[in-house]
Amino acid sequence: MKTHLFELEAESIYILREVAAQFERPAILFSGGKDSIVVTHLAYKAFYPAKLPFPLVHIDTGHNFVETLEYRDALVKRLGAELIVGSVQESIDTGRVKEETGFNASRNALQTTTLLDTIEKYKFDACIGGARRDEEKARAKERIFSHRDDFGQWNPKNQRPELWNIFNGRKNIGEHFRVFPISNWTEMDVWQYILQEGIELPSLYYTHTRKVFQRDGQWLAAEDCIKRRPDEVVVEKEVRCRTIGDITCTGLTLSKAHSLEDIVAEIAATRVTERGGRADDKRSETAMEDRKKLGYF
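Here is a short report on the structure shown in this document. All values derive from a computational prediction rather than experimental measurement. (Residues numbered from 1 in each chain as written. Predicted model: local features only at pLDDT ≥ 70, side-chain atom pairs only at ≥ 80, totals over all residues. Heavy atoms only, no water.)

**Some details on the packing of aromatic side chains**
Now for step 1: In the structure shown here, the tally under the stated rule is 10 aromatic pairs.
Now for step 2: Between Y14 and F167, the ring centres sit 6.2 Å apart and the planes meet at 45°, which makes this aromatic pair tilted. Placement of the pair is Y14 in helix 1 (residues 3–22) and F167 in the loop between strand 5 (145–148) and strand 6 (176–179), with a sequence separation of 153 residues.
Now for step 3: Looking at F167, the relative accessible area reads 7%, which means it is buried.
Now for step 4: When the centroid spacing of 5.1 Å and the interplanar angle of 85° are considered together, the rings of W185 and Y193 count as edge-to-face.
Now for step 5: Members of the aromatic cluster, each reached through a chain of ring pairs, are Y14, F23, F145, F167 and F177. (Phe/Tyr/Trp six-rings, centres within 6.5 Å; stacked < 30°, edge-to-face > 60°. Helix = DSSP H or I, 4+ residues; strand = E, 2+ residues; numbered from the N terminus. Buried < 20%, exposed > 50% of the residue type's maximum accessible area, 1.4 Å probe, protein only.)

Shown next as structure tokens:
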């Protein structure tokens, strides 16, 4: 194992064990993306041979890639893990949220209400996520133990100091924490670790042929959940995902990377950030931070 990956793995496992020790009802927020997959793999290693002590919580927008859902179900079966699914469609049907309309409509922002409702329903006091500080400027402000108030909201000015790997999980009734065990990892670290550990991933991460169209300089999947403008022409391209989310906001990258080795080489050469292909981050200069303050992942 590369020395720096060994140190990152050890830190993450320590954090996961701290979560198990300090909280009564923790869970892993599982999106089916590579980062949440790595967090789940680390949790498996942290407590092996015991059963994974955290349920996997997936917020299903109803507009997920089929490949993501198939991978999720196969992983849950293989690990013998508990799966809890929060449905954005159910939130829409019950009037909790209102679906967006128009060409740029997305259910991505609607996940916040569904997530907070799921946390409240199951009384989770810590939700473990795969966010990394190098992804986006708002995430760079996060602590590893990130406090949320009783409305599920994040205040970047009211976070606790974390010195010498001492994590403070004390909270009042109704509050909870988001915990980010791979905060100090980079995208390259994640991919090198996946390669080193031989972690299986959804096929979306590898180059495949898909019907796509271009919008605002991004390639998007030509799926029924995205309303296309008359001038947006559907073509077939060889693409892959660098980050996976709701279909409506997940940009696809033109690529020839058919293996993990190819992906590592591609990431080393790219000058585009990982979230440069996420349409939801481009709605405003502070799009991510605004969503986080409302309770987003």
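**Details of the state of the cysteines**
Now for step 1: Throughout the structure, instances matching the rule amount to 0 disulfides.
Now for step 2: Not part of a disulfide, C241 finds its nearest cysteine sulfur in C249, a span of 11 Å. (Disulfide = S-S within 2.5 Å.)

**Some words on the nonpolar core**
Now for step 1: Counting 60 residues, the largest nonpolar core has F145, V179 and W191 as its most contacted members.
Now for step 2: For this core, the leading source of residues is helix 2 (residues 34–47), giving 7 residues.
Now for step 3: Not counting residues within four places of it along the chain, the set of residues in contact with W191 comprises K34, L201, Y205, R240, L260, I263, V264 and I267.
Now for step 4: One finds I59, I84, I92 and V97 within the second-largest nonpolar core, a separate group that totals 13 residues. (Core = buried A, V, L, I, M, F, W, Y, C linked by side-chain atoms within 4.5 Å. Contact = heavy atoms within 4.5 Å.)

**Notes on the sheet that holds strand 7 (residues 208–215)**
Now for step 1: Here we have 4 strands laid out as an open sheet, ordered 8-7-9-10, and antiparallel in their pairing. Looking at strand neighbours, the two that pair on one side only are strand 8 (218–221) and strand 10 (253–254), the edges of this open sheet. (Pairing = 2+ DSSP bridges.)

**As for the sheet that holds strand 5**
Now for step 1: Taken in spatial order, the 6 strands line up as 3-2-1-4-6-5 in an open sheet, and their pairing is mixed. Here the strands that pair on one side only, and so sit at the sheet edges, are strand 3 (83–87) and strand 5. On average, each strand axis in the sheet is inclined to that of its neighbour by 30°, with strand direction left out of account.
Now for step 2: Inspection of the sheet shows strand 4 (residues 126–128) paired to strand 6 by 3 bridges, in the parallel sense. Opposite A126, over in strand 6, you have F177 as the bridge partner.
Now for step 3: Against the sheet, helix 1 touches strand 1 (26–29), strand 4, strand 5 and strand 6, its axis set at about 40° to strand 5.
Now for step 4: Lying over the sheet, helix 2 contacts strand 1, strand 2 (56–60) and strand 4, oriented at roughly 140° with respect to strand 1. (Axes fitted to C-alpha atoms, helices over the stretch in contact; angles between N-to-C directions.)

**Re helix 2**
Now for step 1: Spanning 14 residues, helix 2 covers 20 Å between terminal C-alpha atoms, matching the ideal 20 Å at 1.5 Å per step.
Now for step 2: For helix 2, every residue scored as buried is listed here: K34, D35, S36, I37, V38, V39, T40, H41, L42, A43, A46 and F47. (Expected span 1.5 Å × (residues − 1).)

**Some points on the pairing of strand 1**
Now for step 1: Alternating positions in strand 1 separate into two faces, P26 and I28 on one and A27 and L29 on the other, with burial throughout.
Now for step 2: Pairing geometry for strand 1 and strand 4, over 3 bridges, is parallel. Bridge pairing in strand 4 places P26 opposite A126.
Now for step 3: Of the pairings in the sheet, the one linking strand 1 to strand 2 comprises 2 bridges and is parallel in character. Each residue of the ladder has a partner; that of I28, found in strand 2, is L56.
Now for step 4: Handedness of the crossover joining strand 1 and strand 2 through helix 2 is recorded here as right-handed. (Right-handed = clockwise from strand over helix to strand, strands pointing away.)

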